[in-house]
Amino acid sequence: KAGVTQTPRYLIKTRGQQVTLSCSPISGHRSVSWYQQTPGQGLQFLFEYFSETQRNKGNFPGRFSGRQFSNSRSEMNVSTLELGDSALYLCASSSTGGNQPQHFGDGTRLSIL
Amino acid sequence: QKEVEQDPGPLSVPEGAIVSLNCTYSNSAFQYFMWYRQYSRKGPELLMYTYSSGNKEDGRFTAQVDKSSKYISLFIRDSQPSDSATYLCAIEESGGYNKLIFGAGTRLAVHP
């Protein structure tokens, strides 16, 4: 069974640009969550989608947004990039709506110049 | 105070040692407990998942949860150099819509 797939693996952007990251969950999984990982703050929850609906959101500015498609694939968008947005962005999927094990992809490494 | 506290280490042990990794948490609403392992340049890999107090064993790994003390542990027996990685505890509220709260991660090095 294929795992969680994130594309691209690496991205380099400049301040002020926007970026879209993609996540394909494990087949049959309907919940997709996004996390940001930085050396200073560790792993922090961004948001969660289930059946195309955002059900939970972390403490991040509105520049961070996402969506989920009917096939459960998800995208995350960051607008007006700042230097502090440099991080590893991780996607995780789980089979149902909550309190189930989450399985992570290998992430997208975003660097802002 | 952070919701989940975890000593970042680093922790260095000889091959074959028993490793003990620990986290404490502050919110009694946390009911689901996970341990992840993360190798460099990879995503976190789920090792253990539990929701009840007590011990859960899987091969060389044992997860221990003490809800009364708000304390969770992961024990690794017969540690191997391939166990060298960062270990992250993660906790979720009941009905928390998959929002995991992570500890800072403990970096473990197992030397031959």
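This structure is a prediction, so every number in the text was calculated from the model and none was measured. (Residues numbered from 1 in each chain as written. Chains lettered and ligands numbered in written order. Predicted model: local features only at pLDDT ≥ 70, side-chain atom pairs only at ≥ 80, totals over all residues. Heavy atoms only, no water.)

This next bit is on the environment of Y10(A). Of note, Y10(A) is situated in strand β2 (residues 10–13). Contact partners of Y10(A), with chain neighbours within four places excluded, come to R109(A) and R41(B). (Helix = DSSP H or I, 4+ residues; strand = E, 2+ residues; numbered from the N terminus. Contact = heavy atoms within 4.5 Å.)

This structure, assessed with the given rule, holds two disulfides over all chains. The side chain of C23(A) participates in a disulfide bridge whose partner is C91(A); the two sulfur atoms lie 1.8 Å from each other. Across the disulfide from C23(A) to C91(A), rotation about the S-S bond amounts to roughly -55°, and the bridge is consequently left-handed. Here the residue C23(A) occupies a position in strand β3 (residues 19–24), and C91(A) occupies one in strand β9 (residues 87–94), the gap between them amounting to 68 residues. Both residues of the pair, C23(A) and C91(A), count as buried. One disulfide bridge connects C23(B) with C89(B), the sulfur atoms lying 2.0 Å from each other. The S-S bond linking C23(B) to C89(B) shows a torsion near -100°; that makes this disulfide left-handed. Separated by 66 residues along the polypeptide, C23(B) in strand β3 (residues 19–25) and C89(B) in strand β9 (residues 85–93) bring together distant segments of the chain. (Disulfide = S-S within 2.5 Å. Buried < 20%, exposed > 50% of the residue type's maximum accessible area, 1.4 Å probe, protein only.)

This next bit is on the interface of chain A and chain B. Taken together, the contacts link 25 residues of chain A with 20 residues of chain B. With both chains or domains summed, chain A and chain B bury close to 1,800 Å², and 49% of this area falls on carbon and sulfur atoms. Of all residues in chain A, L43(A), N99(A) and Q102(A) bury the most surface against chain B, accounting for 33% of the area lost on that side. Where chain A meets chain B, there are one salt bridge. Here D106(A) ties to K42(B) by a salt bridge, and the two come within 3.2 Å at their closest N and O atoms. Looking at the side of chain A that touches chain B, the elements with two or more residues in it are β4 (31–38), β5 (42–50), β6 (53–57), β9 and β10 (103–104) of chain A. (Buried area = accessible area lost by both parts, 1.4 Å probe. Salt bridge = Lys/Arg side-chain N within 4 Å of Asp/Glu carboxyl O.)

W35(B), I72(B), L74(B), I76(B) and Y87(B) are the most contacted members of the largest nonpolar core, which has 25 residues in total. Broken down by secondary-structure element, the contributors of at least two residues to this core are β3, β4 (30–38), β5 (45–50), β7 (61–66), β8 (71–76), β9 and β11 (106–111) of chain B. Ignoring any residue separated from it by four or fewer positions in sequence, one finds I76(B) in contact with A17(B), I18(B), V19(B), L21(B), R60(B), F61(B), D83(B), Y87(B) and L108(B). V4(A), F60(A), V78(A) and L81(A) belong to the second largest nonpolar core, which has 21 residues in total. (Core = buried A, V, L, I, M, F, W, Y, C linked by side-chain atoms within 4.5 Å.)

This brings us to the pattern of salt bridges. Residue and element names in this part refer to chain A. Under the definition given, this model contains nine salt bridges over all chains. R67 is the partner of E75 in a salt bridge, and the nearest nitrogen-oxygen pair spans 3.2 Å. In this structure E75 comes out as buried when scored by relative accessible area, which is 17%. The exposure class of R67 is partly exposed, given its relative accessible area of 46%. The network of salt bridges with shared partners includes R63, E82 and D85.

Under the criterion given, the structure shown has 13 aromatic pairs over all chains. For the pair Y35(A) and F45(A), a centre-to-centre distance of 5.6 Å together with 70° between the ring planes defines the contact as edge-to-face. Here F45(A) lies in strand β5 and Y35(A) lies in strand β4, a separation of 10 residues in the sequence. Of the aromatic side chains, those joined through ring pairs into one cluster are Y35(A), F45(A), F104(A), Y36(B) and F102(B). (Phe/Tyr/Trp six-rings, centres within 6.5 Å; stacked < 30°, edge-to-face > 60°.)

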